[in-house]
Amino acid sequence: MEKRKMKLWKKILIVILIIFIILSIFVIYRYNVLSDIYQKNNERFSESNYYYYSKTDDTIMEVWKKDQITKVNLKQVNGEGDITIWKDEGTGEEYTLYNKQKIYTESQGAVLGITPSGFAIIPDVSSRILVALNPMTYIGKKEYDNKECYYVKIDKQEEFIEKETGLIIYSNSELGERNINYRFNNITDEEVEKPDIKEYKNMW
């Protein structure tokens, strides 16, 4: 009887050990994918010359970055809002233009570090581990727009991240859908030139 109990406990322990090993493999895989996404994404946006276009159900965002100059344009899909932000980090000049109203302000710090964000791009290692441990996290591989992607889903949020670059190209959440396109290392001076504010009035 005792021998049978010992054998049963051994089987139970072996099953528990197998389950633990399988779960550990899943967690390590998730963590490695999230690390790969962050590192590749970070490498791309460490470059000082890029453009991206992001469209949601409500808003279109365009960002141009060349050396120390950044220009951002935000438009509402319904045509009601149209704002341009321009900054030269070398001179400290920065303007926010409300294009519909033809007014502008001289603002500070509005466009620094403006890159596409997502729940799968996680710079903090401990946060990455927590996401990898989350039983609601699913990470796999799928194609999107003929591109091989990592597919990351947590609850009702999902993101397609281009495997080669670590760039988010599609996301879907309670806030709606978002499609993103990118261009690197071919931004012209004309695309980031200082806005002509002659027809605009200073808000202040």
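For the structure, check the block above.
Worth saying up front: this structure is predicted, and the values here are computed from it rather than measured.

Caption draft 1: The pairing of strand β3 (residues 69-76), seen in detail. Inspection of the sheet shows strand β2 (residues 59-66) paired to β3 by eight bridges, in the antiparallel sense. Looking across to β3, one finds that Trp-64 is bridged to Lys-71. If you look at the hairpin formed by β2 and β3, you'll find two residues sitting between the two strands, and Asp-67 has a positive phi there, around 55°. Linking β3 back to strand β4 (residues 82-88) in an antiparallel pair, the connection comprises five residues, with Gly-79 at a positive phi of about 85°.

Caption draft 2: Molecular detail of the packing of aromatic side chains. For the coordinates displayed, the defined rule picks out 14 aromatic pairs. Taking 6.0 Å as the distance between ring centres and 65° as the angle between the ring planes, the aromatic pair formed by Tyr-95 and Tyr-104 counts as edge-to-face. Judged by relative accessible area, which is 10%, Tyr-95 ranks as buried. Cluster of aromatic residues (ring-pair linked, three or more members): Phe-45, Tyr-50, Tyr-52, Tyr-182 and Phe-184.

Conventions adopted
- Residues numbered from 1 in each chain as written.
- Predicted model: local features only at pLDDT ≥ 70, side-chain atom pairs only at ≥ 80, totals over all residues.
- Heavy atoms only, no water.
- Pairing = 2+ DSSP bridges.
- Helix = DSSP H or I, 4+ residues; strand = E, 2+ residues; numbered from the N terminus.
- Phe/Tyr/Trp six-rings, centres within 6.5 Å; stacked < 30°, edge-to-face > 60°.
- Buried < 20%, exposed > 50% of the residue type's maximum accessible area, 1.4 Å probe, protein only.

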